[in-house]
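If you want the building blocks of each chain, they are given just below.
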Amino acid sequence: MSVALLLFAQLTVTVAAPDTVRACEPFSVSVVGSVRGVSVPRFTPPRVAPFSIVSSRASAQTSSDVTGRSWSITDVELTLLTDRPGRYTLPRFEMRSGSLRTRGAPRTIVVLGDADSSGVPAVVARADIDTSTDVALRAIATPDTVYVGEQATYQVGVFISPTARDKLRSNPSFVPPQLNELMAYDYSADRGRRPIRRRVGSQCYDVLVYERALFPLVAGRHSLAPAQLSYSLAVGAGFFAGSERREARSDSISVVAIEPPEDGRPAGYAGAVGDLAVQARLDTGGARVGDPLVLTLRVAGEGNVKLLPRPPVSLTWASLVTGDERVTIDTLSRRIRGSKEFDWIVTPTTQGQQTLPPISYPFWNPRERRYELAATSPETLFIGAGALVAAAGDSQRAARRTMPLAIRRVMRAPVGPPPPQQPIFAALALLAPIPALSVLTVRRRRRAPRAVSAAGRLRAVVRRGDAAGPAAIRVALVAALVERKVVTPFDLGRESDVVRALRRCGVSSATASEVASLLAELDAASYASTRATPANAAKRALTAFRAVDAESRDRAVLGTPPLIALVAGSLALASAAAMSAAPLDDAERLFASGVRAYDAGRYAVAAASFDSAATAHPRAADAWANAGTAHWIARDTAQAVVGWQKALRLDPLDGEVRTRLDLTPGPARGVFASVPAVPTPLLALAALALWWAAWLVAAFRLLGRSTRARGPGAAWVYALHGIVAAAVVAYVLLDERLEAKSLAVIADPTQLRAIPSLAGDAGSATRLGAVVRVIQREGRWSHVAGAAGEEGWIESDRLLPLRRG
């Protein structure tokens, strides 16, 4: 009979699970139990080690088939996770329904490790994580000691625990450290690897890796400040739960750069570091005397491609003028590779068969730790007869461009902030109305009636004697004590309160007791039916008040005259502002390093050093001027415009920088780029002087007792105030123009788009180095207007901001 019931019940358990999973990746296991009847099967979770149950979900339902019989089904879904590679067998999952118990079939799962363990970033493999933190940042630079110009890889690992991953409200905001005397290459987004997971303690962390390739420009120890990460975690459950803002910081790391050795350094070595090869090509078609040809030298390989120096080339049978440079970077590989091409404009001066000799390119190979020499193969060409003509206009312009310009040898002190932003200027502006206001206050005081003090009223009552009555004497005495600030109306309830209040003010015990008893007698007499005044009450009241006045301490706070307080505060603010100025040591060191690199012909390195000095002190006009000059010689027109524009906006009277801006393309001197040659500090000081003059005229009118709204003096006051208002408006407009908050320089020319999308209709073409006004920003796009009235959208990363430091 029991066997028949068991067959009728038919409790079955079905288990579904993947055959192969990866370590630290969650996977689902489905367990379904079904039985005839209305008794829902119950699931008993077993031990699944080495797996851990991340989450579980169960549902139950009862249904009927076509024959009318009832079925009860329980569906359980488990999410499991493990970090241990291997082959494991899950236990047999069990379901129970009443007295019935059935187990599912065992399932075998193969857990695979990381298929590309050799490609795990060093910051992930070496990081030591505190498992009590939700989000951790770790930074590393490998290797930590390199040669100048050799690549070091900077990595920051963001370790996110499962708890924090479930609570993240938005994408975290990452701020990398600022780099000084280091050149960085960002890897292409196409080189992204699949998400990395790492087991730390009992948790599997998601790891996001930020990488940059760094190239030291000068020898020494380069310290990198901690990277910062800002993120928000949900507080509580539900969609409308609040969030908590948190920050994480990485450790500060350093990279040590050393110079390649002096021993064995070949002649002509200009600082190239890497593993390089060279190749030359010469346009030989239709070569004639006087007809320009283009010689191109291609240097390719691994290294800091952007700063590879141009080698010296000379020909006996032709004149040479340096031409353009082109750089191609391959950031898909872990080591920065690419090529740099150098052009020369060759104008033959001798006909006949000529030979292009081998071009040598010495470099230091950090892997082999030795100097190597790459050379091109010689090439023979025939130069036909022709008229010897001067170099074309393009070659002449190229010659003028590559001719080194003079730079500034010493960095002067940075330009101070505008006068209205200085505390002493604000103090002087606030002091101007004080003379007139003081005269007006004195005149009003003379007209006001002199108030009678409470002590004077007490003496008046005493002169009347006891005939004044106990109530009048009491009121006068209490008013005098309150005015003397030795008691308050709340201290008059009991004699002990009066004595305590007087004693706190330094009054002797005898005097305090005398005052308290006198007040008590006056109180009793005031409310008595006869209202008889105590004997000699008036004289006793005056005597008691005089004793209190002589013995008590003065509670009044001595106030500093407003004029002296304002001047002292202004001087303190000015001193604090002067003492808080950032030291110039680092900026001067970077400036001197840039001067040395410029003198050595390493213009790109010099530009980077001047940029770092200007970044350290954004109001250093000399640093910006030299940065513009170095970028111009290094053929970076956009950065040259930025440097010279910022220098001129800090010092509008700098004629040298204004002249060099004339070398830039026409759009760089348009309506937006023009800088008025007006010194803003002089305009601000003139407005301040007129402000003082207006208030001094007003003060003299008040001293002359003139209060009429019209007259010669009033006209002068109104005129001076009007001129001050006009000067202030002119200063504000000029300062906003020099500030250049909405201006930018085109660094990568392209066509403007009608909408912020690459699919938008193409409009006017932009020019390299043009200054445009940014009207609106939307995501990674900016709506700009050009000097000629053209408008459109352009990617924001093609613009360089021009805002004054």
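Residues numbered from 1 in each chain as written. Predicted model: local features only at pLDDT ≥ 70, side-chain atom pairs only at ≥ 80, totals over all residues. Heavy atoms only, no water.

Looking at empty space enclosed by the protein
Argument step 1. What the rule picks out here adds up to one cavity of 30 Å³ or more.
Argument step 2. Counted as a void, the largest cavity has a volume near 50 Å³.
Argument step 3. Taken together, the residues of the lining of the largest cavity sort by class into seven nonpolar, one polar and one charged. (1 Å grid on protein atoms, 1.4 Å probe; cavity = no way out; pocket = protein on both sides within 12 Å on 5 of 7 lines; lining within 4 Å. Points joined across faces, edges and corners; volume = space filled by probe spheres on them. Nonpolar A, V, L, I, M, F, W, Y, C, P; charged D, E, K, R; others polar.)

Some remarks on the packing of aromatic side chains
Argument step 1. All told, the structure shown has eleven aromatic pairs when counted by the stated rule.
Argument step 2. Ring geometry for Tyr 185 and Phe 215: centres 5.3 Å apart, planes at 75 degrees, overall edge-to-face. One end of the pair, Tyr 185, is in strand β15 (residues 182-186); the other, Phe 215, is in strand β17 (residues 203-216), and 30 residues separate them in sequence.
Argument step 3. We classify Phe 215 as buried; its relative accessible area is 0%.
Argument step 4. Aromatic side chains Trp 364 and Tyr 371 sit 4.8 Å apart centroid to centroid with 65 degrees between the ring planes, which places their arrangement in the edge-to-face category.
Argument step 5. We classify Trp 364 as buried; its relative accessible area is 3%. (Phe/Tyr/Trp six-rings, centres within 6.5 Å; stacked < 30°, edge-to-face > 60°. Helix = DSSP H or I, 4+ residues; strand = E, 2+ residues; numbered from the N terminus. Buried < 20%, exposed > 50% of the residue type's maximum accessible area, 1.4 Å probe, protein only.)

Focus on unusual backbone geometry
Argument step 1. The peptide bond linking Ala 49 to Pro 50 adopts the cis configuration, its omega dihedral lying at 5 degrees.
Argument step 2. Structurally, Pro 50 can be placed in the loop between β4 (42-44) and β5 (52-64).
Argument step 3. Looking along the chain, the bond that leaves Thr 142 and enters Pro 143 is cis, with omega of -15 degrees.
Argument step 4. Position of Pro 143 among the secondary structure elements: in the loop between β11 (135-142) and β12 (145-147).
Argument step 5. The phi dihedral of Lys 485 is positive, around 60 degrees, even though this residue is not glycine.
Argument step 6. Tracing the backbone shows Lys 485 in the loop between α8 (470-483) and α9 (495-504).
Argument step 7. Look at Lys 485 and you get partly exposed, because its relative accessible area is 45%.

Digging into the pattern of salt bridges
Argument step 1. Counted according to the given criterion, the structure contains 35 salt bridges.
Argument step 2. Here Arg 103 and Glu 94 are joined by a salt bridge, their closest N and O atoms 3.2 Å apart.
Argument step 3. A residue is classified by how much of its surface remains accessible, and Arg 103, at 47% relative accessible area, is partly exposed.
Argument step 4. With a relative accessible area of 8%, Glu 94 lands in the buried category.
Argument step 5. Note that Arg 310 is salt-bridged to Glu 325, the shortest N-O span being 3.3 Å. Residue Arg 310 is found in the loop between β23 (293-303) and β24 (318-330), and its partner Glu 325 is found in strand β24; the two are separated by 15 residues along the sequence. (Salt bridge = Lys/Arg side-chain N within 4 Å of Asp/Glu carboxyl O.)

Things to note about the sheet that holds β12
Argument step 1. Judged by pairing direction, the sheet is mixed, and its three strands sit side by side in the order β12-β21-β18 without closing on themselves. The outermost strands of the open sheet, each flanked by one partner alone, are β12 and β18 (220-224). Going across the sheet, the axis of each strand differs from the next one's by a mean of 30 degrees, ignoring polarity.
Argument step 2. Where β18 meets strand β21 (residues 253-258), five bridges bridge the pair, whose relative direction is antiparallel. Following the sheet pairing, Leu 224 is matched in β21 by Ile 253. (Pairing = 2+ DSSP bridges. Axes fitted to C-alpha atoms, helices over the stretch in contact; angles between N-to-C directions.)

Things to note about the nonpolar core
Argument step 1. Residues Phe 591, Phe 610 and Ala 623 are the most contacted members of the largest nonpolar core, which totals 41 residues.
Argument step 2. Of all the secondary-structure elements, those providing two or more residues to this core are β15, β17, α13 (585-599), α14 (603-616), α15 (621-633), α16 (637-650), α17 (655-661) and α19 (712-739).
Argument step 3. Setting aside residues no more than four positions away along its own chain, Ala 623 makes contact with Met 411, Phe 591, Phe 610, Ala 613 and Ala 614.
Argument step 4. By size, the runner-up hydrophobic cluster in this structure holds 33 residues, among which are Ala 468, Val 478, Ala 537 and Ala 544. (Core = buried A, V, L, I, M, F, W, Y, C linked by side-chain atoms within 4.5 Å. Contact = heavy atoms within 4.5 Å.)

Regarding the environment of Arg 107
Argument step 1. Tracing the backbone shows Arg 107 in strand β10 (residues 107-112).
Argument step 2. Separated by 89 residues in the primary sequence, Arg 107 and Pro 18 place their C-alpha atoms 8.8 Å from one another.
Argument step 3. In this structure, Arg 107 is in contact with Val 15, Ala 16, Ala 17, Asp 19, Tyr 88, Thr 89 and Leu 90, ignoring residues within four places of it in sequence.
Argument step 4. Within the structure, the side chain of Arg 107 is placed 3.1 Å from the backbone oxygen of Ala 17, a separation counted as a polar contact. (Polar contact = N/O pair within 3.5 Å; in protein donor to acceptor, adjacent residues only side chain to side chain.)

Concerning helix α10 (residues 509-527)
Argument step 1. The terminal C-alpha atoms of α10 lie 27 Å apart, and with 19 residues this matches the ideal 27 Å at 1.5 Å per residue to within 8%.
Argument step 2. Structurally, α10 contributes buried residues whose contacts are with α8, α9 and α11 (537-551). (Expected span 1.5 Å × (residues − 1).)

Topic: the side chain of Thr 629
Argument step 1. Its place among the elements puts Thr 629 in helix α15.
Argument step 2. Only 2.8 Å separates the side chain of Thr 629 from the side chain of Arg 660, close enough to count as a polar contact.
Argument step 3. Once you skip the residues sitting within four places of it in the chain, Thr 629 turns out to touch Leu 405, Ala 406, Ile 407, Tyr 598, Trp 644 and Arg 660.

Quick look at α15
Argument step 1. Counted at 1.5 Å a residue, the expected span for α15 with its 13 residues is 18 Å, and the 19 Å between its end C-alpha atoms agrees.
Argument step 2. With respect to burial, α15 is a largely interior element, 13 of its 13 residues being buried.
Argument step 3. Positive backbone phi, at 70 degrees, marks Arg 635, one or two positions downstream of α15.

Remarks on the environment of Ala 17
Argument step 1. Within the element layout of this structure, Ala 17 appears in the loop between β1 (12-16) and β2 (20-22).
Argument step 2. Assessed through its relative accessible area of 14%, Ala 17 is described here as buried.
Argument step 3. Through-space distance from the C-alpha of Ala 17 to that of Ile 109 is 8.0 Å; in sequence the pair is 92 residues apart.
Argument step 4. With near-sequence residues (within four places) excluded, Ala 17 lies in contact with Ser 28, Val 29, Leu 90, Arg 107 and Ile 109.

Some points on the sheet that holds β2
Argument step 1. Across the sheet, which stays open at both edges, the three strands sit in the order β2-β10-β7 with mixed pairing between neighbours. Looking at strand neighbours, the two that pair on one side only are β2 and β7 (86-90), the edges of this open sheet. On average, adjacent strands in this sheet sit at an angle of 30 degrees to one another, irrespective of strand direction.
Argument step 2. Note that β2 and β10 share three bridges and pair parallel. By the bridge assignment, Thr 20 is partnered in β10 with Val 110.

Notes on the packing of helix α7 (residues 454-464) against α11
Argument step 1. With their axes 9 Å apart at the nearest point, α7 and α11 run at an angle of 150 degrees to one another. Considered as vectors, α7 and α11 are oriented roughly antiparallel to each other. Every pair of crossing elements has a handedness; the one defined by α7 and α11 is left-handed. Contact residues: α7 offers Ala 455, Leu 458, Arg 459 and Val 462, while α11 offers Ala 538, Ala 541, Leu 542, Phe 545 and Arg 546.
Argument step 2. Here the contact of α7 with α11 is built from residues that sort into seven nonpolar, no polar and two charged. (Parallel < 35°, antiparallel > 145°, perpendicular 65-115°, else oblique. Left-handed = near helix turned anticlockwise from the far one by under 90°.)

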